[in-house]
Amino acid sequence: MNRQPNAPKRDWVRVKPGERSAANAMNEKPEYDDQKLLTLLQSAKREVQGLRLIHLHMSLLKDKSQLDLISIKRAMQETADQSAYLQLFSLSNDDVIVLYKGIKFSLISDVCSKIEKLMLARTVMVKRNPYGEDSLYSIMELSLNFVNVIRFIEGLARESNADAAKVETKPPITLEELGKIERAVQMFDLSPFMLNQPVVDIQNGDQNQFEYFELYIAIKALEERLSPNYDITANKWLFSYFTANLDNSVLKALNYGVDFLRGRRIGLNLNLSTIMSSTFVKFDERLTADLRGNVVLEINKADLVENIDTYKEVVDFASSKGYQICIDGLNDFWVTHMDLEYMACDYAKIFWTDEMEMMSDHEYEVFAEKIKAQSNCRFILARCGSVSGLMFAEKAGISLVQGRIVDNILRKGVLLRDAIKSAKMMSD
């Protein structure tokens, strides 16, 4: 073997017969497990209770060797034989994450310590790890650190998506195709496509307090089932016509039973024309005054602007009947320039985007002041796909949140307040 006489012993990794091809493969473009791990963590079907996680911060090493991953896999493979479950994920930033269950902490700690010594024998770490530790590895209970981990993976996913190719779009739906869908919907069971998503108050530190549940139709799922070759949402006029008819189908389905309203509040995303229709009148007639108080009518801002006179009628109708109103689909510009007190709404729903973090100091001050100035309208930050949205909501004084990350946190049994606190500590 041609080996430098003064090289540290641990600087050399023996490649066993049969493993040489794997070592050569390291020179090729590797496949990363970012999306695979993110999907696993976000899946409601997998329980994280009892799972532990090892995060090896290989990206923080000043010099990285192509053989590092092989060394880690070999060390973990020996440990895997003694575990109930062990799975290794190689990330696009060179980090390695290992999920495991059923292994003594002392054994895992010893393995990680050996890996750290092996790596630091030839190079150094350039900074502390994302969890604020001066260590090449972090071992944690996944259920207690779920938010921190998923936020880290989501950050990698955002960087990856910036370079991803655009998905090929489907052609807009035609009038003929829409007619076929409408006929199908009349004989179709919508219940599998009727979903509900909670709006949660983040100010309560003792429990996750639900403001109401938005009841909605999963349009894209319905499109995939009834018209997979067309984009239902592409033609604005046809989509508005379609949702008006879909609203009627939803209300007819709800007419079969309103007991689900007892003890919980729901939001119905409806067109203004639907609220003033005979179908809604029939739905309304089945409700008592108490049950009407449990219904929030969610109205899209575009529908409102195009039909302002109808909106005024709906406001009067809702006020007399006891319904509440939420203006849906706002952004920071609309919040800043719309007089929501004059619009007489009870809620205003803002759609979160990463661009909101890019507001100038002046823009943010005006936005936050407008949030603070509304006394009769409560704001909801919706479509929160990452913990960043929750942190922004708390900072801006928005107490209600909704979105995929909220659903994920609730499934894991974690308090939203604790999740936000953990994310802020990680950001500091």
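Residues numbered from 1 in each chain as written. Predicted model: local features only at pLDDT ≥ 70, side-chain atom pairs only at ≥ 80, totals over all residues. Heavy atoms only, no water.

A word on the overall build of the protein chain
Right, so step 1: Counting its regular elements, the protein chain contains 18 helices and 12 strands.
Right, so step 2: Counting across all 428 residues of the protein chain, residues that qualify as buried make up 48%. (Helix = DSSP H or I, 4+ residues; strand = E, 2+ residues; numbered from the N terminus. Buried < 20%, exposed > 50% of the residue type's maximum accessible area, 1.4 Å probe, protein only.)

Describing the pattern of salt bridges
Right, so step 1: In this structure the tally under the stated criterion is 13 salt bridges.
Right, so step 2: A salt bridge links Lys 170 to Glu 224, with the shortest nitrogen-to-oxygen separation between them at 3.8 Å. Within this pair, whereas Lys 170 is found in the loop between α5 (146-162) and α6 (175-186), its partner Glu 224 is found in helix α7 (residues 219-226), the two being separated by 54 residues in sequence.
Right, so step 3: For Lys 170, a relative accessible area of 29% gives the class partly exposed. (Salt bridge = Lys/Arg side-chain N within 4 Å of Asp/Glu carboxyl O.)

What to know about a nonpolar patch on the surface
Right, so step 1: Nonpolar side chains collect at one region of the surface, where Leu 175, Trp 237 and Tyr 241 lie side by side and expose about 400 Å² of accessible area between them.
Right, so step 2: Here Tyr 241 lies in helix α8 (residues 236-254).
Right, so step 3: With a relative accessible area of 41%, Tyr 241 lands in the partly exposed category. (Patch = residues over 30% accessible without salt bridge, like charges linked within 9 Å, V, L, I, M, F, W, Y side chains within 5 Å. Areas by Shrake-Rupley, 256 points an atom, 1.4 Å probe, with all protein chains shown as cover.)

Details of the packing of helix α3 (residues 68-80) against helix α4 (residues 105-120)
Right, so step 1: Between α3 and α4, the shortest axis-to-axis distance is 11 Å and the interhelical angle comes to 160°. Comparing the axis directions of α3 and α4 gives the class roughly antiparallel. Viewed along their axes, α3 and α4 form a crossing whose handedness is right-handed. On α4, the residues touching Asp 68, Ser 71, Ile 72, Ala 75, Met 76 and Thr 79 of α3 are Leu 107, Ile 108, Val 111, Cys 112, Ile 115, Leu 118 and Met 119.
Right, so step 2: Its residues assigned to classes, the contact of α3 with α4 shows 10 nonpolar, two polar and one charged. (Axes fitted to C-alpha atoms, helices over the stretch in contact; angles between N-to-C directions. Parallel < 35°, antiparallel > 145°, perpendicular 65-115°, else oblique. Left-handed = near helix turned anticlockwise from the far one by under 90°. Contact = heavy atoms within 4.5 Å. Nonpolar A, V, L, I, M, F, W, Y, C, P; charged D, E, K, R; others polar.)

Side note on the nonpolar core
Right, so step 1: Judged by nonpolar contacts, the single largest core of 97 residues is most densely connected at Tyr 311 and Phe 367.
Right, so step 2: Not counting chain neighbours up to four residues away, the residues in contact with Tyr 311 comprise Leu 272, Ile 299, Leu 304, Ile 325, Ile 327, Met 343, Ala 344 and Cys 345.
Right, so step 3: Grouped together as the second largest cluster of nonpolar side chains are 19 residues, Leu 69, Val 96, Cys 112 and Ile 139 included. (Core = buried A, V, L, I, M, F, W, Y, C linked by side-chain atoms within 4.5 Å.)

Here's the deal with the packing of helix α15 (residues 361-373) against helix α16 (residues 387-396)
Right, so step 1: One way to put it is that α15 packs onto α16 with a least axis distance of 9 Å and a crossing angle of 70°. It follows that α15 is roughly perpendicular to α16 by the angle criterion. Two secondary-structure elements touch here, α15 through Tyr 364, Phe 367, Ala 368 and Ile 371 and α16 through Phe 392, Lys 395 and Ala 396.
Right, so step 2: For the contact of α15 with α16, a count of residues per class yields six nonpolar, no polar and one charged.

Concerning the packing of aromatic side chains
Right, so step 1: Here the structure, examined in full by the defined rule, presents 10 aromatic pairs.
Right, so step 2: Relative to Phe 213, the ring of Phe 210 lies with its centre 5.2 Å away and its plane at 25°, an arrangement referred to as stacked.
Right, so step 3: Taking 5.7 Å as the distance between ring centres and 55° as the angle between the ring planes, the aromatic pair formed by Phe 280 and Phe 283 counts as tilted. Remark: Phe 283 and Phe 280 occur in helix α10 (residues 278-285); sequence separation between them is three residues, near one turn of the helix. Neither residue differs from the other here; Phe 280 and Phe 283 are each classed as buried.
Right, so step 4: One aromatic cluster in this structure is built from Phe 280, Phe 283, Phe 317 and Tyr 323.
Right, so step 5: Geometry around Phe 213 places Arg 264 over its ring, the cationic atom sitting 4.2 Å from the centre.
Right, so step 6: Lying over the aromatic face of Phe 351, Arg 383 brings its terminal NZ or CZ to 3.8 Å of the ring centre. (Phe/Tyr/Trp six-rings, centres within 6.5 Å; stacked < 30°, edge-to-face > 60°. Lys NZ or Arg CZ within 6 Å of the ring centre and 35° of its normal.)

A look at the side chain of Asp 34
Right, so step 1: Mapped onto the fold, Asp 34 is located in helix α2 (residues 34-42).
Right, so step 2: As a buried residue without a salt bridge, Asp 34 has its nearest oppositely charged side chain in Lys 36, at a separation of 11 Å.
Right, so step 3: In terms of polar contacts, Asp 34 uses its side chain to reach the side chain of Ser 92, at 2.7 Å.
Right, so step 4: Other than its neighbours up to four places away in sequence, Asp 34 contacts Ser 90, Leu 91, Ser 92, Ile 153 and Leu 156. (Lys, Arg positive; Asp, Glu negative; His and termini not counted. Polar contact = N/O pair within 3.5 Å; in protein donor to acceptor, adjacent residues only side chain to side chain.)

Concerning helix α17 (residues 404-411)
Right, so step 1: A large share of α17 lies buried, amounting to six of its eight residues.
Right, so step 2: Buried residues of α17: Ile 405, Val 406, Asp 407, Asn 408, Ile 409 and Leu 410, and no others.
Right, so step 3: In the segment just after α17, Gly 413 is the residue with positive phi, at about 75°.

Here we look at the environment of His 337
Right, so step 1: Tracing the chain through its elements places His 337 in helix α14 (residues 332-337).
Right, so step 2: Residues His 337 and Val 366, spaced 29 residues apart in sequence, show a C-alpha to C-alpha distance of 9.9 Å.
Right, so step 3: A polar side-chain atom of His 337 sits 2.9 Å from the main-chain carbonyl oxygen of Phe 333.

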